[in-house]
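# Topology and contacts: notes
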Amino acid sequence: MTTKQERRLREERLGFRVDEPTKALIERAAQLERRKLTDFCMTALTDAARRTIAEHETIALSERDRAVFFDTLVNPPAPNERLERAFAEHRHRVVR
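Notes on the structure in this doc start here. It should be emphasised that the depicted structure is a prediction, and the values quoted were computed from it without experimental measurement. (Residues numbered from 1 in each chain as written. Predicted model: local features only at pLDDT ≥ 70, side-chain atom pairs only at ≥ 80, totals over all residues. Heavy atoms only, no water.)

## Let's talk about a nonpolar patch on the surface
A grouping of Ile-59, Leu-61, Phe-69, Phe-70, Leu-73 and Val-74 is seen on the molecular surface, where their side chains present a nonpolar patch of about 650 Å² in accessible area. By relative accessible area, Phe-70 is classed as partly exposed at 46%. (Patch = residues over 30% accessible without salt bridge, like charges linked within 9 Å, V, L, I, M, F, W, Y side chains within 5 Å. Areas by Shrake-Rupley, 256 points an atom, 1.4 Å probe, with all protein chains shown as cover. Salt bridge = Lys/Arg side-chain N within 4 Å of Asp/Glu carboxyl O. Buried < 20%, exposed > 50% of the residue type's maximum accessible area, 1.4 Å probe, protein only.)

Structure (structure tokens):
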């Protein structure tokens, strides 16, 4: 992808201010990786955003939780009164 094409894809701006030590730290890290500051920041922010989303969208179950979950799938409990009412309401509202 050419630089001109990359610029067209990057139409949105994200602006924020940092203190001098933070800016120097980020610039140093970008230099060490021999990357432009913007490229370094974009990659770092994108990676952090993906990690954060994955952490919030992933459910980690203990062995006990996993066993209870799968046992419930294989041997579901009988529907209680509230669930029976919900099914009846659904049948009443949904026309097939």
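## Focus on the environment of Thr-58
With respect to the helices and strands, Thr-58 occurs in the loop between α3 (37–57) and α4 (63–74). Judged by its relative accessible area of 53%, Thr-58 is exposed. Along the sequence, Thr-58 and His-90 sit 32 residues apart, while their C-alpha atoms lie 30 Å from each other. Within polar-contact distance, the side chain of Thr-58 engages the backbone oxygen of Ala-54 at 2.6 Å. (Helix = DSSP H or I, 4+ residues; strand = E, 2+ residues; numbered from the N terminus. Polar contact = N/O pair within 3.5 Å; in protein donor to acceptor, adjacent residues only side chain to side chain.)

## Re helix α2 (residues 20–32)
One full turn of an α-helix is made of 3.6 residues, so residues set three or four places apart face in the same direction. The terminal C-alpha atoms of α2 lie 18 Å apart, and with 13 residues this matches the ideal 18 Å at 1.5 Å per residue to within 8%. With its phi angle positive at about 55°, Arg-34 sits one or two positions after the end of α2. (Expected span 1.5 Å × (residues − 1).)

## Brief notes about the packing of α2 against α3
Relative orientation of the contacting elements α2 and α3 amounts to 100°, with a least axis distance of 9 Å. Considering their axes alone, α2 and α3 lie roughly perpendicular with respect to each other. Contacts between α2 and α3 involve Ile-26, Glu-27, Ala-29 and Ala-30 from the former and Leu-37, Phe-40 and Cys-41 from the latter. Residues that form the contact of α2 with α3 fall into these classes: 6 nonpolar, no polar and 1 charged. (Axes fitted to C-alpha atoms, helices over the stretch in contact; angles between N-to-C directions. Parallel < 35°, antiparallel > 145°, perpendicular 65-115°, else oblique. Contact = heavy atoms within 4.5 Å. Nonpolar A, V, L, I, M, F, W, Y, C, P; charged D, E, K, R; others polar.)

## Side note on unusual backbone geometry
Not every positive phi belongs to a glycine, and Arg-34 is a case in point at roughly 55°. Among the secondary structure elements, Arg-34 is positioned in the loop between α2 and α3. According to the relative accessible area criterion, Arg-34 is exposed, its value standing at 77%.

## Let's talk about the packing of aromatic side chains
Under the counting rule described, the total for this entry stands at 1 aromatic pair. The interplanar angle of 80° and the centroid separation of 5.3 Å between the aromatic rings of Phe-69 and Phe-70 together place this pair among those described as edge-to-face. (Phe/Tyr/Trp six-rings, centres within 6.5 Å; stacked < 30°, edge-to-face > 60°.)

## Some remarks on the pattern of salt bridges
Overall, the coordinates contain 7 salt bridges when judged by the stated rule. For the salt bridge of Glu-27 with Lys-23, the shortest nitrogen-to-oxygen distance reads 3.5 Å. In this pair, Glu-27 and Lys-23 both sit in helix α2, 4 residues apart, roughly one turn of the helix. On the basis of relative accessible area, Lys-23 is assigned to the partly exposed category, the value being 42%. One salt bridge in this structure joins Glu-33 and Arg-35, with 2.7 Å as the shortest N-O distance. Given the relative accessible area of 45%, Glu-33 is considered partly exposed. The class for Arg-35 is partly exposed, based on a relative accessible area of 25%. Residues joined by salt bridges that share partners form a network here, namely Glu-33, Arg-35 and Asp-39.

Everything listed here is a matter of coordinates, which is why it stays silent on function.
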